[in-house]
Structure formats: C-alpha cells, structure tokens
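Structural features, examined
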Amino acid sequence: MESAAENPNYIMVPSAGATAVVEPQSQLPLAVTSTHNCKRNLFSFPRRPALRVTSEFDSESAVFFHKISCKLLDSLAKFKFSFNHSGKGDISEPQISFVSKHLSLHYDLEDHNALVKTSLDVGPRLQLTASHDVKAQQGEVTMLANLAPPGYSLQLSTPVPSVGLPKATLRFPLGEVSLQEKEDEEVKSLLSVSGILKGQFLNGVCSAQYKDEEVKLRYCYKDDEMSFLPILSLPSNAPSFAFKRRFGPSDKLSYWYNCDSNYWSAVYKRTYGKDFKFKAGYDSEVRLGWASLWVGDEGGKAKTAPMQMKVQFMLQVPQDDIKSSVLMFRIKKRWDF
C-alpha cells in the first residue's frame with residue numbers, strides 16, 4: 001500500500017496491479033447535506049405576509065381611525081381593512097379593500113356596497129380605465145391615448161349608462177382644452193368648452209383659464225427668494241395677488257390679498273430640520289388666528305417620521321371671542337409586524 005499522508009482527504013491507494021476507486025471523503029457529507037436541504041425545502045411553509053397597522057386620532061372629531069394592511073402574492077396585491085370607532089367603542093364605516101396594479105375592489109360592510117376599478121394597457125399608447133358602483137348601478141369608462149411625445153394626449157370619458165356625448169380633453173405642452181355636453185333649462189343639450197393656456201412671459205409663467213363663462217388671468221414670477229402671483233377674474237374684474245418671501249432656508253412668509261373684497265391672509269412657516277415644522281397665520285375673512293406645530297413631515301407618511309409617528313398641535317384663536325380659543329391635536333402612528 002502506498003502512503004497517502006500528503007493528502008489526508010483521500011483513502012489509502014493500493015499499489016500497482018490492484019483495482020480500486022479513489023473517492024474523496026469530502027463528497028460524502030455534501031451528499032448528505034443536499035438530501036437534508038431537499039427534505040427541508042419540501043416541507044417548508046410559506047412566510048407570513050408582513051402586517052402594517054396604522055392608527056389615527058383627531059381630537060376635533062374624537063374618532064379613532066384604524067387601518068390594517070398587508071401585501072400578498074409577492075407584493076403584487078395589497079389587502080386593507082379599515083374602520084372608525086368612537087370613544088364609546090362604536091364601530092362605523094368598516095371597509096375591505098383589495099388593490100392591485102390593474103384591479104381594485106372596495107367593499108363597504110355597513111352599506112353592503114362595492115366599488116370596482118380596473119385599468120388596462122392596450123398597446124404602448126392606449127390605456128383604458130373603468131369604475132363601477134354596484135349599488136348605484138353607475139360607473140365611468142375612460143380612454144387615454146398618447147398621440148405624440150412630448151405631452152400630446154387625448155382623453156375620452158363617459159358615464160355608464162351613457163346620457164350623451166363623451167367628455168373629450170386634448171392636452172398639449174401649452175395647456176389643454178375640454179369639450180363636454182351639459183343640460184340647460186332652455187336648451188336640452190349644450191356643448192360646454194373649458195381650457196387653460198400657459199406660456200413663458202417676462203421671466204415668469206402667464207396662464208389663462210376659462211371655465212363656466214369666467215376667465216382667470218394669472219402671472220407667476222418665482223426666484224430663489226420671492227414669488228409673486230397676481231390674478232385677474234373676468235368679467236367681474238376682481239383682482240387679487242399672492243406674495244411669498246423666503247428669508248432663509250428655514251423661514252418663509254406668504255401673503256394673499258383680494259382687492260375686490262379686501263380679505264387677506266398671512267402665513268409664516270419655519271422648519272427645524274426635516275421632521276419639525278411651525279406655522280402661524282391669520283385669515284381676515286373668518287377673523288381667526290392660528291398656530292400649528294408638526295412633528296414629522298406634514299405631507300409625508302408615518303413610515304418616514306421619527307418612531308413612525310406624526311403629531312400635529314393646532315391652536316385656534318377667534319378674534320371676536322378670545323376666550324373660546326381651542327387647542328386641537330392629531331396623532332398618527334404605524335406599527336409593523
């Protein structure tokens with residue numbers, strides 16, 4: 001027998017003239033491990049989908065809002081269950097929702113009604129969407145066609161059951177124009193036109209909006225420190241303007257004044273980092289002063305807030321009755337399981 005001391009992983013090899021199969025010992029535990037992995041994968045159970053619970057409380061209405069959601073089918077769809085309950089424990093507005101990319105179903109357990117929405121891409125430039133209210137037996141069908149890039153599209157929408165011509169909206173880079181059939185007391189059917197046009201003018205953006213026989217002319221100038229927005233309504237000839245001044249990266253003052261009614265409002269905003277914001281303002285139309293403090297991004301979700309919780313405190317002080325001032329708060333908290 002020849003020595004195999006140089007490679008301890010191999011069995012002793014017989015001398016010349018003998019027939020033997022040389023097999024590494026390291027392959028034996030690999031085969032056993034592979035067999036165990038097959039058995040473990042064969043009897044493994046699917047992982048439980050992650051649950052997300054969101055609770056929100058508004059002191060003004062004294063009602064809690066709860067939502068439980070989870071993603072299904074490898075995040076292809078989402079299941080939601082939401083409801084409200086008061087301090088007395090009364091549950092109201094329970095709803096179940098199933099949402100995916102092309103189909104969504106919302107069912108009201110209290111009203112026994114379902115709202116179905118679906119969308120379908122027919123080719124690279126054509127999209128169809130539809131919605132249907134089961135209890136009301138009403139819905140809407142919309143077709144959106146991208147005519148030519150960039151920004152040219154045509155949208156046709158009609159209620160179901162149809163009562164007239166569909167509403168047509170043509171969008172282009174400088175605005176949009178809509179045609180819609182409306183009913184009138186003197187004329188059975190009347191074609192209504194609305195639209196908006198905009199373009200660059202004197203280092204700003206000038207726009208003209210027409211709707212319900214009223215024209216609004218706007219001009220918006222904006223730079224790093226100041227924004228100015230005059231508005232003129234025709235045929236009432238009612239002018240108004242908005243003014244915003246940024247004093248620094250964290251301070252901004254907004255002012256709005258209506259020349260026709262002499263109503264005005266002002267808002268001061270200061271941010272402290274990303275998650276803290278203070279706002280204070282006054283509205284002369286309702287004769288009310290207020291101050292608000294946000295913990296967490298005001299327009300963001302609770303997921304990105306500290307401890308996944310958003311808090312807002314608001315103080316309202318009526319000018320005519322300061323003693324009736326009220327302090328309100330709103331809390332939104334999210335848990336992941």
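Residues numbered from 1 in each chain as written. Predicted model: local features only at pLDDT ≥ 70, side-chain atom pairs only at ≥ 80, totals over all residues. Heavy atoms only, no water.

Under an unreviewed UniProt entry, the name given to the chain is Outer envelope pore protein 37, and the source organism is Vigna unguiculata.

1. Examining the overall build of the chain
Scanning the chain from terminus to terminus reveals one helix and 22 strands. Here the chain holds 337 residues, and 18% of them are scored as buried. The long-range fraction of contacts in the chain, counting pairs at least 24 apart against all pairs at least 6 apart in sequence, stands at 12%. Of the accessible surface of the chain, which amounts to about 24100 Å², a share of 60% is contributed by carbon and sulfur atoms. (Helix = DSSP H or I, 4+ residues; strand = E, 2+ residues; numbered from the N terminus. Buried < 20%, exposed > 50% of the residue type's maximum accessible area, 1.4 Å probe, protein only. Contact = heavy atoms within 4.5 Å. Areas by Shrake-Rupley, 256 points an atom, 1.4 Å probe, with all protein chains shown as cover.)

2. Points about the pairing of strand β17 (residues 251-258)
Where strand β16 (residues 238-246) lies against β17, seven bridges are found, and the strand directions are antiparallel. Directly across from Phe243, in β17, lies its bridge partner Tyr255. The hairpin formed by β16 and β17 contains four residues between the paired strands. Examined bridge by bridge, β17 and strand β18 (residues 264-272) share seven bridges and lie antiparallel to one another. Residue pairing for β18: Ser254 is matched across the bridge by Val267. (Pairing = 2+ DSSP bridges.)

3. With respect to a nonpolar patch on the surface
A contiguous nonpolar surface patch, about 490 Å² in accessible area, is contributed by Leu293, Phe313, Leu315, Leu327, Phe329 and Ile331. Elements with a contribution of two residues or more to the nonpolar patch: β21 (309-318) and β22 (326-336). Considering every element that reaches the nonpolar patch, the biggest residue donor is β22, with three residues. Tracing the backbone through its elements, the reader meets Leu327 in strand β22. (Patch = residues over 30% accessible without salt bridge, like charges linked within 9 Å, V, L, I, M, F, W, Y side chains within 5 Å. Salt bridge = Lys/Arg side-chain N within 4 Å of Asp/Glu carboxyl O.)

4. Description of unusual backbone geometry
Look at the link from Val160 to Pro161: it is a cis peptide, with omega at 5 degrees. Structurally, Pro161 is set in the loop between β9 (152-160) and β10 (167-172). Backbone torsion omega between Leu234 and Pro235 reads 10 degrees, so that peptide bond is classified as cis. Positive phi outside glycine occurs at Leu73, with the angle close to 55 degrees. With respect to the helices and strands, Leu73 occurs in the loop between β2 (63-72) and β3 (77-86).

5. Digging into the environment of Pro49
Within the secondary structure, Pro49 is located in the loop between α1 (27-42) and β1 (51-58). The exposure class assigned to Pro49 is partly exposed, which follows from its relative accessible area of 31%.

6. A few points about the packing of aromatic side chains
Following the criterion strictly, the structure yields nine aromatic pairs and no others. Ring geometry for Phe228 versus Phe241: centroids 6.2 Å apart, planes at 40 degrees, classification tilted. Pair noted here: Phe228 is in strand β15 (residues 226-234) and Phe241 is in strand β16, with a separation of 13 residues, a long-range link. Accessibility expressed as a relative area gives 33% for Phe228, which makes it partly exposed. Centre to centre, the rings of Phe241 and Tyr255 are 6.3 Å apart; their planes meet at 45 degrees, and the pair counts as tilted. (Phe/Tyr/Trp six-rings, centres within 6.5 Å; stacked < 30°, edge-to-face > 60°.)

7. With respect to the confidence of the model for the chain
Fine structural detail should not be taken from predicted coordinates in areas where pLDDT scores are low. For the chain, per-residue confidence averages 84 on the pLDDT scale, and 84% of positions sit at 70 or higher. Mean pLDDT values for the elements of the chain range from 46 in α1 up to 96 in strand β5 (residues 103-108). Confidence drops under a pLDDT of 50 for residues 1-36, and excluding neighbours within four residues, the segment shows 20 contacts in the predicted structure. (pLDDT = per-residue confidence, 0-100.)

8. Examining the pairing of strand β4 (residues 91-100)
With eight bridges connecting them, β3 and β4 associate as antiparallel partners. Bridge pairing links Lys80 to Ser97 in β4. Hairpin connection of β3 to β4: four residues between the antiparallel strands, including Gly89 at a positive phi of 95 degrees. Looking at chain direction, β4 and β5 are connected through five bridges and run antiparallel. From the neighbouring strand, Phe98 faces β5, where its bridge partner is Leu105. Between the end of β4 and the start of β5, which pair antiparallel, lie two residues.

9. A short note on the side chain of Ser240
Position of Ser240 relative to the elements: it lies in strand β16. Excluding residues within four positions of it along the chain, Ser240 makes contact with Leu229, Pro230, Ile231, Trp256, Tyr257, Asn258 and Cys259.

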